[in-house]
Amino acid sequence: MELLLCAGLAAIESLLAKRLPDQEADKVTIRTTIALFLAQYLAVKIYRIFLYPKYFSPLRNVPGPTDGLFFIGQSINFLRAKTNTELYIKWMRQYPDAPFIRYLTWANTEVLVPNSIKAHREVLQLQCYSFSPSRWFLRVARELAGRGVIMMDGDEHRAHRKMLTGSFSLTQIRKFEPIFQKKAKDLCRYFDRCIQENDDNVGVIDCTKTFSKIILDIMGSAVLGIDLDYVKPSEDRVDKSINLQNDGLDKNQTFHGAYDAFFTPSSLLGQILLYAEGFVPTRWLPLEANREFVAAMNWIHETLRGLIRQRYRDVSAAAGAGQDEDKNTQDMVTFIVKESMPSGVAEGIGEDEFLGHLLTFLAAGHETSAIMLSWSSYALATNHDVQDKLHAEVKELPPNPSYAELDKLPYLEKFCKESLRVFPPSGTYNREANRDVVVEGVHIPKGTPVDLCPAVTSMHPNVWGHDAEKFDPSRWDRLTGDQSSPYAFQSFGNGPRMCLGRQFALVEIKIILAEMVRNYRFVSADEGFSVENPSFTFRPRGLKVRFQKIE
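I will try to describe carefully the structure that is included in this document.

Reading the values: the criteria
Residues numbered from 1 in each chain as written. Predicted model: local features only at pLDDT ≥ 70, side-chain atom pairs only at ≥ 80, totals over all residues. Heavy atoms only, no water. 1 Å grid on protein atoms, 1.4 Å probe; cavity = no way out; pocket = protein on both sides within 12 Å on 5 of 7 lines; lining within 4 Å. Points joined across faces, edges and corners; volume = space filled by probe spheres on them. Helix = DSSP H or I, 4+ residues; strand = E, 2+ residues; numbered from the N terminus. Nonpolar A, V, L, I, M, F, W, Y, C, P; charged D, E, K, R; others polar. Salt bridge = Lys/Arg side-chain N within 4 Å of Asp/Glu carboxyl O. Buried < 20%, exposed > 50% of the residue type's maximum accessible area, 1.4 Å probe, protein only. Pairing = 2+ DSSP bridges. Axes fitted to C-alpha atoms, helices over the stretch in contact; angles between N-to-C directions. Phe/Tyr/Trp six-rings, centres within 6.5 Å; stacked < 30°, edge-to-face > 60°. Lys NZ or Arg CZ within 6 Å of the ring centre and 35° of its normal. Core = buried A, V, L, I, M, F, W, Y, C linked by side-chain atoms within 4.5 Å. Contact = heavy atoms within 4.5 Å. Polar contact = N/O pair within 3.5 Å; in protein donor to acceptor, adjacent residues only side chain to side chain.

Quick word on the layout of surface pockets
The calculated volume of the largest pocket comes to roughly 1,600 Å³. For the largest pocket, the lining is made up of 49 residues, of which Trp-106, Thr-109, Arg-135, Gly-447 and Pro-449 are closest to its centre. For the lining of the largest pocket, the secondary structure elements donating two or more residues are helix H1 (2-17), helix H3 (30-56), helix H4 (75-80), strand E2 (110-114), helix H7 (135-145), helix H14 (268-276), strand E5 (429-433) and strand E8 (449-452). Sort the elements by how many residues they give to the lining of the largest pocket and H3 lands first, with seven residues. Grouping the constituent residues of the lining of the largest pocket by class yields 27 nonpolar, 12 polar and 10 charged.

Right, here's the structure in full:
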């Protein structure tokens, strides 16, 4: 906008200059117009970058950190932080009573962080559609999420969310219980193999890698209708994937490997490029990290696009032959394909939107569930009293417990909530004001980025007390004041943009946790692990836990 404004002004000024006396008008050339444009654009940028944030912005008096660097604000500090939530929590403790915290990022752009329950309620619920997915987020996540529901806004978002609600209804999710149970037992067989590989009868797993694979196994069966079996080394995974691929795609690629290219780039440069893409285009640079990323994203896109087209052909052929799949076993892709037919709730959905929704389901669904299971294993290994209570509750369950049976277990419910509170899988939700808006007395100009960090409220001492960092499932028996607010605990977000797959995730997580805890004792967690940063999620790197079989 500023570029166009300065160009327009320069053109008008040049035309006006042409009306000067003949002798002066002859001196107005294209160089004069360019010089006028550059001078004005430079003046505007100096004002916007250096003068506006400090002297003129309505947000200039909002409290926030003052240790930012010249021109780039907190950008380097975010990259240097141990985790992607460290700075948000630090600022929350410095300004516990402020409704918002303000910090500066690249080119001294002002960013707001909601810091109170009321501010979160306004942004997430009451004025939800006054805040769109931020341009930074859209640029970074477009390859991963396509035209999925999390990238949409306003009426389009409402329509597609309504369209997809049936896919994640409890009735539909209950049909996946046999899949969750089967994969939980596959995971236990994998644990057994890990124990057999050691002489001391103690198994060791890398949590994030292991749980990412088992959750992708679940997503493959429940969402895509294919068996990936990443925790079964004896299975030929490549052969199972070839049928989904078009000629020319890498037949040795896997969903697990492709998603790792996004969530855990193999080099520091890859991490920096992921973060920088939100500010300036970087994927065109002829770098190996970019080639790996682009190849992985292309593989996912084309594999899923091929799957969608094949499923349409299969459903059409079955309908033409007067046949239909067993509705109790159909996957989400088949469900949406059928609902996209005339009179269905997804009628009219385009292939790009369908692809985007699948990309969102797979990426967000497998990543957050795997992270929750990883941190839950860490909590069990470092809190043996908690583990003992949970084991005592789940050990009497039948061999294949239903979700209805698991939902009656109070300590399992409290454990899951506390794990999500202390270790929220999502690092931040990135929004941007799409109009001028007032929240908690703060005037937020249109275009202002807003970072929503679940850890800000879930670790806030004003909400959870002085022991907010302590892992204590029993705290859910004695909630008081703001602790009972849904905005004090928002690992799945809140409001109209709340995670569609929330119930799906809780069902699969409870089934897997129950199967693990009643069969294995988590002995310890190795120190020395880190948390991915930069990252959209609170993903541990190198977190290993040790466990023994319970006889």
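Some thoughts on the pattern of salt bridges
One pass over the full model with this rule turns up 32 salt bridges. Between Arg-142 and Glu-277 there is a salt bridge, with its nearest N and O atoms 2.8 Å apart. Taken as a pair, Arg-142 in helix H7 and Glu-277 in the loop between H14 and helix H15 (288-320) lie far apart in primary sequence, 135 residues in all. Judged by relative accessible area, which is 6%, Glu-277 ranks as buried. Each of the salt bridges in this network shares a partner with another, and the network as a whole consists of Arg-305, Arg-309, Glu-351 and Asp-352.

A word on the sheet that holds strand E9 (residues 520-525)
As summarised here, the arrangement of the three strands in space is E4-E12-E9, forming an open sheet in which the pairing is antiparallel. Looking at which strands have only one partner, the edges of the open sheet turn out to be strand E4 (203-206) and E9. Each adjacent strand pair in this sheet contributes to an overall mean axis angle of 35°, direction not counted. Here E4 pairs with strand E12 (residues 544-549) via four bridges, running antiparallel. The partner of Asp-206 across the bridge, within E12, is Lys-544.

A word on the packing of aromatic side chains
The tally for this structure, following the rule as stated, stands at 41 aromatic pairs. For the pair Trp-464 and Trp-476, a centre-to-centre distance of 5.4 Å together with 55° between the ring planes defines the contact as tilted. Highlighted residues: Trp-464 in helix H22 (residues 461-464) and Trp-476 in the loop between H22 and helix H23 (502-519), separated in sequence by 12 residues. A relative accessible area of 13% places Trp-476 in the buried class. Among the aromatic residues, those joined into a cluster by ring pairs are Phe-50, Phe-70, Phe-71, Trp-106, Trp-136, Phe-137, Phe-262, Phe-263, Tyr-275, Phe-279, Phe-293 and Phe-536. Sitting above the plane of the Tyr-52 ring, Arg-48 keeps its charged end 4.5 Å from the centroid.

A look at the nonpolar core
Phe-211, Leu-224, Phe-255, Leu-304 and Phe-504 are the most contacted members of the largest nonpolar core, which has 127 residues in total. Here this core takes 16 residues from helix H17 (residues 351-382), the largest share from any one element. By size, the runner-up hydrophobic cluster in this structure holds 23 residues, among which are Leu-59, Ala-433, Val-442 and Ile-444.

Considerations on the pairing of E2
With five of five residues buried, E2 is to be regarded as a mostly interior element. Burial along E2 is two-sided: the residues Glu-110, Leu-112 and Pro-114 and Val-111 and Val-113 are all buried. Examined bridge by bridge, strand E1 (residues 100-104) and E2 share five bridges and lie antiparallel to one another. In the sheet register, Tyr-103 faces E2, and the bridge partner there is Val-111. Here E1 folds back onto E2, and the loop between the two strands holds five residues, one of which, Ala-107, carries a positive phi near 60°.

Let's talk about empty space enclosed by the protein
As enumerated under the stated definition, the model contains two cavities of 30 Å³ or more in all. Looking at the largest cavity, its volume works out to about 950 Å³. The element best represented in the lining of the largest cavity is H17, accounting for 10 residues. Among the residues forming the lining of the largest cavity, the class breakdown is 28 nonpolar, 13 polar and five charged. The wall of the second largest cavity is formed by Gln-181, Ala-184, Lys-185, Pro-399, Asn-400, Pro-401, Ile-511 and Glu-515. Those elements that provide at least two residues to the lining of the second largest cavity are helix H10 (177-196) and H23. If you tally residues by element for the lining of the second largest cavity, the top one is H10, at three residues. Counted by class, the lining of the second largest cavity contains four nonpolar, two polar and two charged residues.

Looking at helix H16 (residues 332-339)
The buried fraction of H16 amounts to six of the eight residues, a majority that puts the element mostly inside the structure. Every buried residue of H16 is accounted for by Met-332, Val-333, Thr-334, Phe-335, Ile-336 and Val-337. Residues of H16 that are buried make contact with helix H8 (154-164), helix H9 (170-174), helix H11 (207-224), H15, H17 and H23. Among the residues of H16, the N-terminal cap falls to Asp-331, whose side-chain oxygen and the backbone nitrogen of Val-333 are separated by 3.1 Å.

Thoughts on the pairing of E12
Alignment of E9 against E12, held across five bridges, turns out to be antiparallel. Its bridge partner lying in E12, Phe-522 is registered against Phe-547.

Considerations on unusual backbone geometry
With an omega dihedral of 5°, the bond running from Asn-533 to Pro-534 counts as a cis peptide bond. In this structure, Pro-534 sits in the loop between strand E10 (530-531) and strand E11 (540-541). Located in the positive-phi region is Glu-440, a residue other than glycine, with phi close to 50°. Structurally, Glu-440 is set in the loop between strand E6 (437-439) and strand E7 (442-444). Overall, the relative accessible area of 36% leaves Glu-440 in the partly exposed class.

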